[in-house]
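Here are the chains, one letter per residue:
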Amino acid sequence: MSLSLSHQGWALLLSLTMGAGIGLLYDILRPVRRHSGAALARLLDALFAVTAAAALFFFAMASGNGRLGTWELAAALLGFLLYMHLLSPLLLPPMERIFRAMGKFWECTIKRIKKVQNKLKNLFPKIRECFRIKE
């Protein structure tokens, strides 16, 4: 039993879109990978690979009775490559700026938390001794 031509066209369009979505995920993870250590970069690479494989697997199971044809895989690859060459140069610089702004916000938040901790430490220097029951 074969699918109609319109179903095949929708499957190709969806796989093309899925490939572009995988490219977007790659671009979202790219600034984090650049500014992190090697261990976190490897973890993010593994997360990306598992997510992309899961997306392809679930798409394959949902379309065409569980058979993902060569054309759908080629369309997903084409969507990924089109995104990487056409949209990524436009979207990656704003993502880098957003990541830097989030990093600065995180640093300011950590500094404020440390200030509050130091103030509380100075305000209650012997708090542990106050709650001990003496015999």
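The model shown is predicted, which means the values in this text are computed figures rather than measured ones.

(A) Layout of the overall build of the protein. Of the regular secondary structure elements, the protein holds four helices and zero strands. Its helices and strands taken in sequence order, the protein reads α-α-α-α from the N to the C terminus. Looking at the protein residue by residue over its 135 residues, the buried ones come to 20%. Considering only intrachain contacts with a sequence separation of at least 6, the fraction spanning at least 24 residues in the protein is 75%. Surface exposure of the protein reaches about 10,800 Å², of which carbon and sulfur atoms provide 69%.

(B) Here's a closer look at the side chain of glutamate 96. Within the secondary structure layout, glutamate 96 lies in helix α3 (residues 70-123). When near neighbours in sequence (up to four residues on either side) are disregarded, glutamate 96 contacts Pro31, Arg34 and His35.

(C) Structural context of the confidence of the model for the protein. This prediction gives the protein a mean pLDDT of 85; 85% of its residues lie at or above 70. Across the protein, the element-wise mean pLDDT spans from 61 in helix α4 (residues 127-130) up to 90 in α3.

(D) Layout of the layout of surface pockets. In this model, the second largest pocket occupies a volume close to 160 Å³. If you trace the second largest pocket, you find it lined by Ile28, Pro31, Val32, Met95, Ile98, Phe99 and Met102. At the level of elements, α1 (5-34) and α3 are the ones that each hand at least two residues to the lining of the second largest pocket. When residues in the lining of the second largest pocket are grouped by element, the largest group, four residues, is from α3. Looking at the lining of the second largest pocket residue by residue, the class counts come to seven nonpolar, no polar and no charged.

(E) Quick peek at the environment of alanine 55. Mapped onto the secondary structure, alanine 55 falls in helix α2 (residues 38-62). Here alanine 55 falls in the partly exposed class, since its relative accessible area comes to 25%.

(F) Here's a closer look at α3. Compared with an ideal rise of 1.5 Å per residue, which puts 54 residues at 80 Å, α3 spans 68 Å between its outermost C-alpha atoms and falls more than 12% short. Considering bend angle alone, the principal kink of α3 is centred on serine 88 and spans about 65°; proline proline 89 follows within four residues of it. Every buried residue of α3 is accounted for by Glu72, Ala75, Ala76, Gly79, Tyr83, Met84, Ser88, Leu92, Met95 and Glu96. Each element contacted by the buried residues of α3 is listed here: α1 and α2.

(G) Main features of the side chain of glutamate 72. The topology assignment puts glutamate 72 in helix α3. A relative accessible area of 14% places glutamate 72 in the buried class. Every residue in contact with glutamate 72, bar those within four places of it in the chain, is listed here: Ala11, Leu12, Ser15 and Phe59.

(H) Representation of the pattern of salt bridges within the structure. By the definition in use, this model includes four salt bridges. The closest approach of N and O atoms between aspartate 45 and arginine 33, which form a salt bridge, is 2.6 Å. Within this pair, whereas aspartate 45 is found in helix α2, its partner arginine 33 is found in helix α1, the two being separated by twelve residues in sequence. On the basis of relative accessibility, which here comes to 33%, the residue aspartate 45 falls in the partly exposed class.

Definitions and cut-offs
Residues numbered from 1 in each chain as written. Predicted model: local features only at pLDDT ≥ 70, side-chain atom pairs only at ≥ 80, totals over all residues. Heavy atoms only, no water. Helix = DSSP H or I, 4+ residues; strand = E, 2+ residues; numbered from the N terminus. Buried < 20%, exposed > 50% of the residue type's maximum accessible area, 1.4 Å probe, protein only. Contact = heavy atoms within 4.5 Å. Areas by Shrake-Rupley, 256 points an atom, 1.4 Å probe, with all protein chains shown as cover. pLDDT = per-residue confidence, 0-100. 1 Å grid on protein atoms, 1.4 Å probe; cavity = no way out; pocket = protein on both sides within 12 Å on 5 of 7 lines; lining within 4 Å. Points joined across faces, edges and corners; volume = space filled by probe spheres on them. Nonpolar A, V, L, I, M, F, W, Y, C, P; charged D, E, K, R; others polar. Expected span 1.5 Å × (residues − 1). Bend = angle between axes of the 7 residues up to and from the residue. Salt bridge = Lys/Arg side-chain N within 4 Å of Asp/Glu carboxyl O.

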